[in-house]
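Structural characterization, general
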Amino acid sequence: MKSRAAVAFAAGQPLQVVEIDVEPPRAGEVLVRITHTGVCHTDAFTLSGEDPEGLFPVVLGHEGAGVVVEVGEGVTSLQPGDHVIPLYTAECRECKFCLSGKTNLCQKVRATQGRGLMPDGTSRLSYQGRMLHHYMGTSTFSEYTVVPEISLAKIHPEAPHEKVCLLGCGVTTGIGAVHNTAKVKPGDTVAVFGLGGIGLAVIQGARQARAGRVIGIDTNPGKFELARQMGATDVVNPRDHARPIQDVIVEMTDGGVDFSFECIGNVDVMRSALECCHKGWGESVIIGVAGAGQEIRTRPFQLVTGRVWRGSAFGGVKGRTQLPGMVEQAMRGEIELDPFVTHTLPLERINEAFELMHAGESIRTVIHFD
Ligand SMILES: NC(=O)c1ccc[n+]([C@@H]2O[C@H](COP(=O)([O-])OP(=O)(O)OC[C@H]3O[C@@H](n4cnc5c(N)ncnc54)[C@H](O)[C@@H]3O)[C@@H](O)[C@H]2O)c1
Ligand SMILES: [Zn+2]
Ligand SMILES: [Zn+2]
C-alpha cells in the first residue's frame, strides 16, 4: 500500500515528505496507522549522522500512537481497531532479559532492529523500488508502518493520541528513570541536567515521588519557567558561574544531591552530574545519548567514596506491561502531558519541528497525519 512518510535519504539533509510503499505485515507483525508522533532529540541525533548505528535511507520516528489496521499470521494479542503505542524497547516475555525481572531491555528483536530491519531480516518499507530502513523498530514518521507484535503496547481506546504519543519515548523515559531506575523517595534532593522533554519529565517524576529540592540546570534560561511550573524548586544556569557546576550544586545542597539525572547527552555534563552527588550514597543516572566514540571520565575515588553511576533506557519501563497503565494515569491527569506539547504541525512541515528543537524553542512538537 501507499503511505505518506517523511524520509531521511541522507545524514544531515532535511526530511522529504513523499509517498512510500508499505508491504503487508508478515508472521508476528502488525500494520499500524500512525495518527500522531512526537519528534525526539534522538531522531535529530540520528539524522545528524553522529549516531554510530545510523542507517540511510530511513524512516525515522519513535514517539507515536496509532491504530492497528491488519495483523500478520500468528498474531494473537492484537486485532484491527486496537489503539497502540509502538515500542522501541520490545517486550517478548520469554527472553533471558524479560524473564530476569531485572531489566526492560528485551533482546528478542534487538539485532535486526539495530540493522533497521524487521525480525526476519527484511524491510517492509520502500520508495520507488529502493529499500528504506526501519528505525528503532517503529518508524513513526510514516502514516502506515509495520511493527513486531511484541513491540506494541495496547492502550485505552479513548486515549488522546495527540498527547499520549509522548509516552512512546520522552515522558516515559524521564518519569520511569525516577521511579524504576533511581527509585527516588520523599524528601530526596534531585538535580536534573538538561530541561528538554526528558529533563522536564524527570522533574515531573520527582514531584510525583515527593522529592524535596529539585534543581533544574540548563544553559538556556528560556527553559526555566516551564521547569518551575512542572516542579523545579531551583533553577541554575552554568553560564552564570565561573566555577564548575558540580561545585555550585554541592554547595547549594550541603554536600551534594541524592540523585542526579543527565538528560543532554554531553559526556562532560555526565561527569558534573556524577560529581554533584552526595558522598557515600548519591546516585547519578545517565539518560542522554552521547555521540559516537565518546567516553565518560571521572576519578575512581568518586565511586570508591560511595557515589553510583547508572543508566536508564526507556525509563526502565516494560512497554507492553506498564505503558497501558501510564496511559491511563495520563487520562486521569496523574501524568501531565499538556505542558510538553509546545507545538503541533502537519507531517508536511516536519522539518520545522527539527528547527524548533535546534533553536531551543520547543519541548515537543507533535506531528499529525490528518
Ligand atoms: N535513554 C533513553 O531512553 C533516551 C530516550 C529519549 C531521549 N534520550 C536522550 O536524552 C537527551 C535529551 O533529549 P531531549 O529530547 O530532552 O532533548 P532536548 O534537546 O529537548 O533537551 C536538551 C536540553 O539540554 C540543554 N543543554 C544542552 N547543553 C547543555 C549543557 N552543557 N548544560 C546544561 N544544559 C544543556 C539544552 O538547552 C536543552 O534544553 C538526548 O541525548 C536524547 O537522545 C534518551
Ligand atoms: Zn526518544
Ligand atoms: Zn524479551
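What you see is a predicted model; the values in this text were computed from it and never measured.

Rules behind the numbers
- Residues numbered from 1 in each chain as written.
- Chains lettered and ligands numbered in written order.
- Predicted model: local features only at pLDDT ≥ 70, side-chain atom pairs only at ≥ 80, totals over all residues.
- Heavy atoms only, no water.
- Helix = DSSP H or I, 4+ residues; strand = E, 2+ residues; numbered from the N terminus.
- Rg over C-alpha atoms; globule rule 2.2 N^0.38 Å.
- Buried < 20%, exposed > 50% of the residue type's maximum accessible area, 1.4 Å probe, protein only.
- Contact = heavy atoms within 4.5 Å.
- Areas by Shrake-Rupley, 256 points an atom, 1.4 Å probe, with all protein chains shown as cover.
- Lys, Arg positive; Asp, Glu negative; His and termini not counted.
- Charge placed at Lys NZ, Arg CZ, Asp CG, Glu CD.
- Donors = N, O, S within 2.8 Å, 3.2 Å for Na, K, Ca; no water.
- Tetrahedral: all angles 85-135°; square planar, octahedral: opposite > 155°, others 65-115°.
- Pairing = 2+ DSSP bridges.
- Axes fitted to C-alpha atoms, helices over the stretch in contact; angles between N-to-C directions.
- Polar contact = N/O pair within 3.5 Å; in protein donor to acceptor, adjacent residues only side chain to side chain.
- Phe/Tyr/Trp six-rings, centres within 6.5 Å; stacked < 30°, edge-to-face > 60°.

**With respect to the overall build of the protein**
Scanning the protein from N- to C-terminus turns up 12 helices and 17 strands. What you see for the protein is a C-alpha radius of gyration of 20 Å, in line with the 21 Å of a compact globule of 370 residues. The principal-axis extent of the C-alpha atoms belonging to the protein is close to 60 × 40 × 40 Å. Looking at the 370 residues of the protein, the share that counts as buried comes to 58%. Taking the contacts inside the protein whose residues are at least 6 apart along the sequence as the reference set, 70% of them involve residues at least 24 apart. Summed over its atoms, the accessible surface of the protein is roughly 15200 Å², and 50% of this surface lies on carbon and sulfur atoms. Of the side-chain charges in the protein, 34 are positive and 42 negative, and the distance between the mean point of each set is 6 Å.

**Here's the deal with the coordination of the zinc ion (ligand 3)**
Note on metal geometry: ideal angles are 109.5 degrees for four donors arranged tetrahedrally and 90 or 180 degrees for six donors arranged octahedrally. Here the zinc ion (ligand 3) is held by the protein donor atoms Cys92 (SG), Cys95 (SG), Cys98 (SG) and Cys106 (SG), which lie 2.3 to 2.4 Å from it. Each of the 4 donor atoms around the zinc ion (ligand 3) contributes to a set of angles spanning 104 to 116 degrees, which defines the coordination as tetrahedral. When the donor residues of the zinc ion (ligand 3) are listed from N- to C-terminus, their spacing reads C-x2-C-x2-C-x7-C. Placement of the pair is cysteine 92 in the loop between β5 (83–86) and α2 (96–100) and cysteine 106 in the loop between α2 and α3 (110–114), with a sequence separation of 14 residues. Across this residue pair, the class does not change: cysteine 92 and cysteine 106 are buried.

**Observations concerning the sheet that holds strand β15 (residues 308–311)**
If you walk across this open sheet you meet the 6 strands as β12-β11-β10-β13-β14-β15, and the pairing is parallel. At either margin of the open sheet sits one strand with a lone partner, and together these are β12 (234–236) and β15. Mean inter-strand twist for the sheet, computed between neighbouring axes without regard to direction, equals 20 degrees. Here 4 bridges tie strand β10 (residues 190–193) to strand β11 (residues 214–217), and the two strands are oriented parallel to one another. Across the sheet, residue valine 192 finds its bridge partner in β11, namely glycine 216. Packed onto the sheet, helix α5 (residues 170–182) meets β13 (259–262), β14 (283–286) and β15 and runs at close to 135 degrees relative to β13. Across the face of the sheet, helix α9 (residues 267–275) comes into contact with β10, β13, β14 and β15 while running at roughly 175 degrees to β13.

**Observations concerning the side chain of histidine 36**
With respect to the helices and strands, histidine 36 occurs in strand β3 (residues 29–38). The class for histidine 36 is buried, based on a relative accessible area of 14%. At 3.0 Å, the side chain of histidine 36 forms a polar contact with the side chain of threonine 35. Beyond its immediate chain neighbours, meaning those up to four positions away, histidine 36 contacts Glu63, Gly64, Ala65, His161, Glu162, Cys165, Val366, Ile367, His368 and Phe369.

**Notes on the coordination of the zinc ion (ligand 2)**
The zinc ion (ligand 2) binds to the protein through Cys40 (SG), His62 (NE2) and Cys169 (SG); the donor distances cover 2.0 to 2.3 Å. Mapped onto the polypeptide sequence, the residues donating to the zinc ion (ligand 2) form the spacing pattern C-x21-H-x106-C. A residue pair is termed long-range when its members are at least 10 positions apart, and histidine 62 in the loop between α1 (41–48) and β4 (64–71) and cysteine 169 in the loop between α4 (161–164) and α5 qualify at 107 residues. Its relative accessible area of 0% is what places histidine 62 among the buried residues.

**Thoughts on the packing of aromatic side chains**
Under the criterion given, the structure shown has 3 aromatic pairs. Seen in terms of ring centroids, phenylalanine 141 and phenylalanine 354 are 6.4 Å apart; in terms of plane orientation they differ by 90 degrees. Their pairing is edge-to-face. Note that phenylalanine 141 is positioned in the loop between β7 (130–131) and β8 (144–148) and phenylalanine 354 in helix α12 (residues 350–358), a separation of 213 residues in sequence. With respect to burial, phenylalanine 141 and phenylalanine 354 carry one shared label: buried.

In short, the description is geometric, and any link to function would need to be established separately.
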